[in-house]
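# Report on the structure
Given next are the chains, with one letter for each unit.
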Amino acid sequence: MAQKRKASKKKPAAKRPQRKRPTKEKITPVEEILFRVEGKMSTFGGPRDTGMSADEGLALFTPVDLQNPKYSYLFLPTSPPGTTGLGRRLNPDKYYFACRWNYNDTPREFLKRALARVENPSNGRSADARPADWGPHISTGRVADLSPGLAAALGLQTDDVVRITISALRAIPVKPAKGAKRAAPVSRTAPPGKPIIKQFIRSPNCSCRKVGTKIDKIVLHCTEGSLASALAEFQRSDSRKVSAHYVIDRNGDIYQMVNDADCANHCMGANPGSIGIEHVGGETDALAAPQAAASAALIRWLLQEHQIPRTNIFGHDFTPGYSRPGGTSCPDKLFGPVHSQATIAAWVAANV
Ligand SMILES: [Zn+2]
């Protein structure tokens, strides 16, 4: 909107033992285990981990990820004094961990999207956590390093036994790695389906696309206001006559207001060939996690459905053809703290 202004474990071979087997529970769906490991653990990361050097990085993250709300929460706002690496900048209270990944079976991009179940078998406690690094070294005799906060939450102390599982049910589909032996489940190869639309609320502020106009770009917006105010404004025909094809609430609910085949009024000068997606948020908000997931799913479907190049996903202010004098602050800080197309592109690369 805003038209106005480190290291060990037993054997790596123990990973993914029960791949194609249903879980023992009768009612739960078949769970394809993509990664599983059980063995001793330790902790790592954060300002006080002097076992990491001041400039040590992480296998799965780079500084650009600090601008992605999906990952930035794992890190402290600034580097601890005297350090430059992401390892020491990890927020030890957040839930992350490291294992000795085989990137053929679990590629980096897959791991960046995965959420693992981390369990303490001795007391039954469990929590979800994100893969962050490769390690510990095999010479430690441990299989995983956890964040101090995760270890504390599970009641784990160094050299206690931990169990870590990543299943297909918990992971966002990605392309299987080249050479991966495991057959890809259907969900990883089938074209993405259209996400569920909670409600279609027709906006009068639209027009037919001219014959022959190809939909070739997606424009991302911030409502700079509540869901209710956006839905209300897009239904008014006596005001600014603005609209968008989709509005995604903070909780991930997707509302549609204009058919894709029609032209919505969301990005002056670039409406004819674009699809507009509004995200409910204030000027300083980042995307909420369920909202980000819904947006990524919708974008994946739109790319496929209309054969839109992945490079043609723009923030409102950065859309080619956008011609409103003075520009706009939209999409604000939804996709990262810097108002730039590079921020949008980094978010797309990491999430879509
Ligand atoms: Zn906008």
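This is a predicted model, so every value here is computed, not measured.

Helix and strand counts for the protein come out as 8 helices and 14 strands. For the protein, the computed accessible surface area is about 16,100 Å², with 54% contributed by carbon and sulfur atoms.

Of the two faces of strand S2 (residues 96-99), the one holding Tyr96 and Ala98 and the one holding Phe97 and Cys99 are both buried throughout. With 3 bridges connecting them, S2 and strand S5 (residues 144-146) associate as antiparallel partners. Counterpart to cysteine 99 in the pairing with S5 is alanine 144.

Read from one edge of the open sheet, 6 strands run S7-S11-S10-S13-S9-S14, paired in mixed fashion. Edge positions in the open sheet fall to strand S7 (199-200) and strand S14 (313-315), since each of these has one partner strand only. Here strand S9 (residues 217-222) pairs with S14 via 3 bridges, running parallel. Looking at the pairing, leucine 220 lines up with glycine 315 of S14. Of the strands in this sheet, S9 and S14 are in contact with helix H8 (residues 341-351), which crosses S14 at around 135°.

This model, assessed by the stated rule, comprises 9 salt bridges. Taking the shortest distance from any N to any O, the salt bridge between lysine 112 and aspartate 65 comes out at 2.9 Å. With lysine 112 in helix H3 (residues 108-113) and aspartate 65 in the loop between strand S1 (33-43) and helix H1 (69-72), this pair connects stretches of sequence that are 47 residues apart. We note that lysine 112, like aspartate 65, is buried.

Let us look at the sheet that holds S5. One closed barrel accounts for 6 strands, arranged S1-S5-S2-S4-S3-S6; its pairing is mixed. Across the sheet, the axes of successive neighbouring strands diverge by a mean angle of 40°, strand direction being ignored.

This brings us to the pairing of strand S4 (residues 125-134). Bridge count for S2 against S4 is 4 bridges, and the pairing is parallel. Directly across from phenylalanine 97, in S4, lies its bridge partner proline 131. The pairing of strand S3 (residues 116-120) with S4 spans 5 bridges and is classified as antiparallel. Bridged to glutamate 119 within S4 is serine 126.

What follows is about the nonpolar core. If you look at the biggest cluster of nonpolar residues, it comprises 38 residues, and the most contacted ones within it are Phe61, Phe97, Val118, Leu146, Val162 and Ile164. Elements represented by at least two residues in this core include exactly S1, S2, H3, S3, S4, S5, helix H4 (148-154) and strand S6 (161-167). Leaving out residues up to four positions away in the same chain, isoleucine 164 has contacts with Phe35, Arg36, Val37, Phe97, Cys99, Ala116, Arg117, Val118, Ala144 and Leu146. Residues Ile215, Ile248, Cys330 and Ile344 belong to the second largest nonpolar core, which totals 27 residues.

This brings us to the side chain of arginine 130. For arginine 130, the location among the structural elements is in strand S4. Despite its burial, arginine 130 pairs with no opposite charge, the nearest such side chain being aspartate 65 at 9.8 Å. Apart from residues no more than four positions distant in its own chain, arginine 130 is found in contact with Lys70, Tyr71, Tyr73, Leu74, Tyr95, Tyr96, Phe97, Lys112, Arg113, Ala114 and Leu115.

It is worth spelling out helix H7 (residues 289-306) at this point. Between its first and last C-alpha, H7 extends 26 Å over 18 residues, near the 26 Å set by a 1.5 Å rise per residue. Note on H7: the residue one or two positions beyond its end, glutamine 307, has a positive phi of about 55°.

Before going further, it helps to spend a moment on H8. If you check which residues of H8 are buried, you get Thr343, Ile344, Trp347, Val348, Ala350 and Asn351. Tucked inside the fold, the buried residues of H8 contact H1, H3, S9, H7 and S14.

Scoring rules and cut-offs
The numbering scheme is per chain: residues are counted from 1 as the chain's sequence reads. Where totals are concerned, whole chains, interfaces and linings use all residues; where local detail is concerned, this predicted model gives features only for residues with pLDDT of at least 70, and gives and counts side-chain atom pairs only at 80 or more. Just so you know, side-chain values use all the structure's heavy atoms and leave hydrogens and water out. Only DSSP runs of H or I with at least four residues qualify as helices, and only runs of E with at least two residues qualify as strands; both kinds are numbered from the N terminus onward. For the area figures, the Shrake-Rupley method with a 1.4 Å probe applies, and any residue is considered shielded solely by the protein chains shown. Each residue is assigned to one of three classes by its accessible area relative to the maximum for its type, calculated with a 1.4 Å probe on protein chains only: buried under 20%, partly exposed between the two thresholds, exposed over 50%. A pair of strands is considered paired only if DSSP assigns at least 2 bridges between the two. Residues count as neighbours in contact if any of their non-hydrogen atoms are within 4.5 Å of one another. To get an axis, a line is fitted to the C-alpha atoms, and for a helix only the part in contact is used. The angle between two axes follows their N-to-C directions and goes from 0 to 180 degrees. Salt bridge criterion: a side-chain nitrogen from Lys or Arg within 4 Å of a carboxyl oxygen from Asp or Glu. Note on terminology: a nonpolar core comprises buried Ala, Val, Leu, Ile, Met, Phe, Trp, Tyr and Cys residues joined through side-chain atoms within 4.5 Å. Working convention for charge: Lys and Arg count positive, Asp and Glu count negative, and His plus the chain ends are omitted. Helices are assigned an expected span. That span is 1.5 Å times one less than the residue count.

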